[in-house]
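# Per-entry structural report
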Number of protein chains: 2
Amino acid sequence: MGVTSADVARASGVSRTTVSYVLNGTPGTSISDATRQRVLAAAERLGYAPSATARALRRGTTDLVLVVLPHWPIGPVIDTLLDHLADDLAERGLSVLVHHGRGRPLGDLWRAVTPRTVVGLTAFAPEEVRAMRQAGIQVVGTRLDDEHHDPSVYAVSQQQIGRLQVEHLVARGRRRIGWAGTTDARLVEFAEPRLAGVTAACASAGLAGPLVARLELDVPSATRAVQSWRDAGVDAVAAYNDEVALAVLAGLRRRGLEVPGDVAVIGVDDVPAARLAAPPLTTVSQSIEVQALYLARATIAALDGAVPPTPPPDVLDVVVRSST
Amino acid sequence: MGVTSADVARASGVSRTTVSYVLNGTPGTSISDATRQRVLAAAERLGYAPSATARALRRGTTDLVLVVLPHWPIGPVIDTLLDHLADDLAERGLSVLVHHGRGRPLGDLWRAVTPRTVVGLTAFAPEEVRAMRQAGIQVVGTRLDDEHHDPSVYAVSQQQIGRLQVEHLVARGRRRIGWAGTTDARLVEFAEPRLAGVTAACASAGLAGPLVARLELDVPSATRAVQSWRDAGVDAVAAYNDEVALAVLAGLRRRGLEVPGDVAVIGVDDVPAARLAAPPLTTVSQSIEVQALYLARATIAALDGAVPPTPPPDVLDVVVRSST
DNA sequence: CTGAAAGCGCTTACAG
DNA sequence: CTGAAAGCGCTTACAG
């Protein structure tokens, strides 16, 4: 198929050993400059590229980092995180590959890739983590179930997000909270803990539990949800994320209600559309850059066998705009 | 590190050949049922998983499909496409891996992964395509520069998108077109051809060329752009995508202008936020599901050495809402 | 300063 | 019905 190191050796009249030494710049081996030049020239001329597969088999590992996303629609937030992560890791010669949690089982994936590190933005089954580690793969993550307190894993508390939303609304004098979820079943992993946080915060504040509505991202669905909230006297809505919050705003608009006069609305993520909404949307930001940097550092520390970095103290932040 | 086929062979008292035959269900080899059971049991007990790397080296290929995204912020559109593609390919035992066009050079990537197929949602350099093909990798794509008419590649014309936007605006009686681009340099690859389409369509309609403004996704920046358009008598704006269009709407709102009364606005992508905007946004949809299915089919056809499927006839569609 | 040889873990003709 | 052996392409002790 391709040209191998044996071809380069033959073309430059040396052994494969020497080719390997020259091309890898193996330290501790001083090849004569003439030989070096001959090898380099031959490699160049033949268009030689080493087989990463053979190298991986020999070395037992690759320079790949596999990022596993949860099985839900990823938003701009995750895109940004991936961008930063790829940049940070590229400096260490690592390539980032992303799996979208769809298709074949995860086990097939990491076995096929033999990555150096698996970065999980989703929760892994404990057996899976064990199997990966046993295969010599580092496992790093931002998210595991709250029960699995693996010290190597840093989890942004989804509950805390919901809590912050309610605390902000309460500070604004709101007393009857609505929760806007989605009908997308894939989001349950994130939606449930956020709702739990909302519920807990309502209890702490001495309020009734949130009035839950799940909506599609369209105006009719949002309008129905708004109606159900109004019937119950809701004066503030915490939404699963900014997209849902935008739907809520659309529903309120359709009903002729004022924001925040009649109803306050708060989202999660601070997507670009949030600041462009009418009115601009108050939202909980997750400081993705900070998280990406932490993940990159954790990955690199794991690689170096160094102590894991300290997780960033507070990545959650309420961005106050005009909707509350 | 891990348990190998030799371990399984030893544990079950057979040769590695037999282990391989049993575990792969190699056709044309009839292993006695007793032996088969012994091997299976030993593999199970030892937790054996074949080394994908060794297999790849031996077979010369993997069951991986590498999707290369362009180096720009991917939106929900691409997410949906990836989801569909992964589902469609999983049925053929193929795993999808995504590269976000960041970090290390593409060449390192595909060499490291040795995928069966590379699916490009970005344009590849011709040498790169040649190198991949020479390495026995199939190359499939939705996008190549209009100059490279590779029959194996199906390109959604970015120019056509811009053209459709203008034709719609002209049909609505608009005569002075503004173009809303972005300051994000990563988007140039897509933005330029779309703008070229807008310019061409303006010429066809006997209009002056578009008045170009590039904006950030925030209200102040959008407001400045709106001002420049108004100074030039612009009565319709074609935006690079929906996000930019939302910014334009925000700028118009800030300026107290009516949409579409004073200025019509049209985006691209039909993201969920488009229908939730105030007013709901007219946009060009790219029929992502159709494209994903086509890509999956093209990938599978390439695998089977079959004739490539016919590209879908018209994936572009103007979704008319209230902003025009 | 450079080469012959072993071995990473698998699959697959080829023999029996 | 099953096994010994070669080989995928690389790297790296070990010898010279």
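Residues numbered from 1 in each chain as written. Chains lettered and ligands numbered in written order. Predicted model: local features only at pLDDT ≥ 70, side-chain atom pairs only at ≥ 80, totals over all residues.

This paragraph deals with the nonpolar core. Core analysis: the biggest nonpolar cluster contains 94 residues, and A:Ala180, A:Val248, A:Val265, B:Ala180, B:Val248 and B:Val265 have the highest contact counts within it. Grouped together as the second largest cluster of nonpolar side chains are 80 residues, B:Leu64, B:Leu89, B:Ile288 and B:Ala292 included. (Core = buried A, V, L, I, M, F, W, Y, C linked by C-beta atoms within 7 Å. Buried ≥ 20, exposed ≤ 12 C-beta atoms within 10 Å, placed from the backbone.)

It is worth spelling out the packing of helix α2 (residues 16-24) of chain B against helix α3 (residues 33-46) of chain B at this point. All names here are of chain B. In contact at an axis separation of 10 Å, α2 and α3 are set at 85° when each is read in the N-to-C sense. The angle between α2 and α3 places the two elements in the roughly perpendicular class. Taking contact as the criterion, the partners of Thr18, Val19, Val22 and Leu23 in α2 are, on α3, Thr35, Arg36, Val39, Leu40 and Ala43. (Axes fitted to C-alpha atoms, helices over the stretch in contact; angles between N-to-C directions. Helix = DSSP H or I, 4+ residues; strand = E, 2+ residues; numbered from the N terminus. Parallel < 35°, antiparallel > 145°, perpendicular 65-115°, else oblique. Contact = placed C-beta atoms within 7 Å.)

This brings us to the protein's contact with DNA strand D. Among the 29 residues in the neighbourhood of DNA strand D, the closest are listed as A:Thr4, A:Ser5, A:Ser51, A:Ala54 and B:Ser30. Looking at the surface near DNA strand D, the elements that each hand over two or more residues are α1 (5-12), α2 (16-24) and α4 (52-59) of chain A together with α2 and α4 (52-59) of chain B. When its residues are assigned to classes, the surface near DNA strand D shows nine nonpolar, 14 polar and six charged. (Near = placed C-beta within 6 Å. Nonpolar A, V, L, I, M, F, W, Y, C, P; charged D, E, K, R; others polar.)

Let us now look at the domain arrangement of chain A. The domain architecture assigned to chain A consists of domain 1 (5-50), domain 2 (62-156 + 289-314) and domain 3 (158-285). Each of domain 1 of chain A and domain 3 of chain A was reduced to a C-alpha centroid, and the two centroids are 63 Å apart. (Domains from an automatic or database assignment.)

All names here are of chain A. For helix α10 (residues 219-231), spanning 13 residues, the distance from its first C-alpha to its last is 18 Å, which sits close to the expected 18 Å at 1.5 Å a residue. The set of residues buried in α10 consists of Ala222, Ala225, Val226 and Trp229. All buried residues of α10 lie within an arc of 100° about the axis, which places them on one face of the element. Those residues of α10 that are exposed and angled more than 90 degrees off the buried face are Pro220 and Asp231. Where α10 is buried, its residues touch β5 (177-182), β6 (211-215), β7 (236-239) and α11 (242-254). Immediately downstream of α10, the backbone of Gly233 shows phi near 80°, a positive value. (Expected span 1.5 Å × (residues − 1). Arc of directions from axis to C-beta.)

With that settled, the discussion passes to the protein's contact with DNA strand C. Close to DNA strand C lie 29 residues, the nearest being A:Ser15, A:Ser30, B:Thr4, B:Ser5 and B:Ala54. Only α2 and α4 of chain A together with α1 (5-12), α2 and α4 of chain B provide two or more residues apiece to the surface near DNA strand C. Across the surface near DNA strand C, the residue classes break down as nine nonpolar, 14 polar and six charged.

With that out of the way, let us pick up the sheet that holds strand β10 (residues 317-319) of chain A. Residues and elements named next belong to chain A. Spatially, the six strands line up as an open sheet ordered β6-β5-β7-β8-β9-β10, and their pairing is mixed. Either end of the sheet is taken by a strand with one partner, and the two such strands are β6 and β10. Neighbour-to-neighbour, the strand axes of this sheet turn through a mean angle of 25°, independent of strand direction. Two elements, strand β9 (residues 282-285) and β10, share three bridges in a ladder whose sense is antiparallel. The partner of Thr283 across the bridge, within β10, is Val319. (Pairing = 2+ DSSP bridges.)

Another point: the relation of the copies chain A and chain B. Of the transformation placing chain A onto chain B, the axial shift is 0.3 Å and the rotation is 179°, giving an RMSD of 0.4 Å. Put plainly, the chains are arranged around a two-fold axis. Across chain A, the smallest distance between a C-alpha and the rotation axis is recorded for A:Val98, namely 2.5 Å. (Least-squares fit on C-alpha atoms with pLDDT ≥ 70 in both.)

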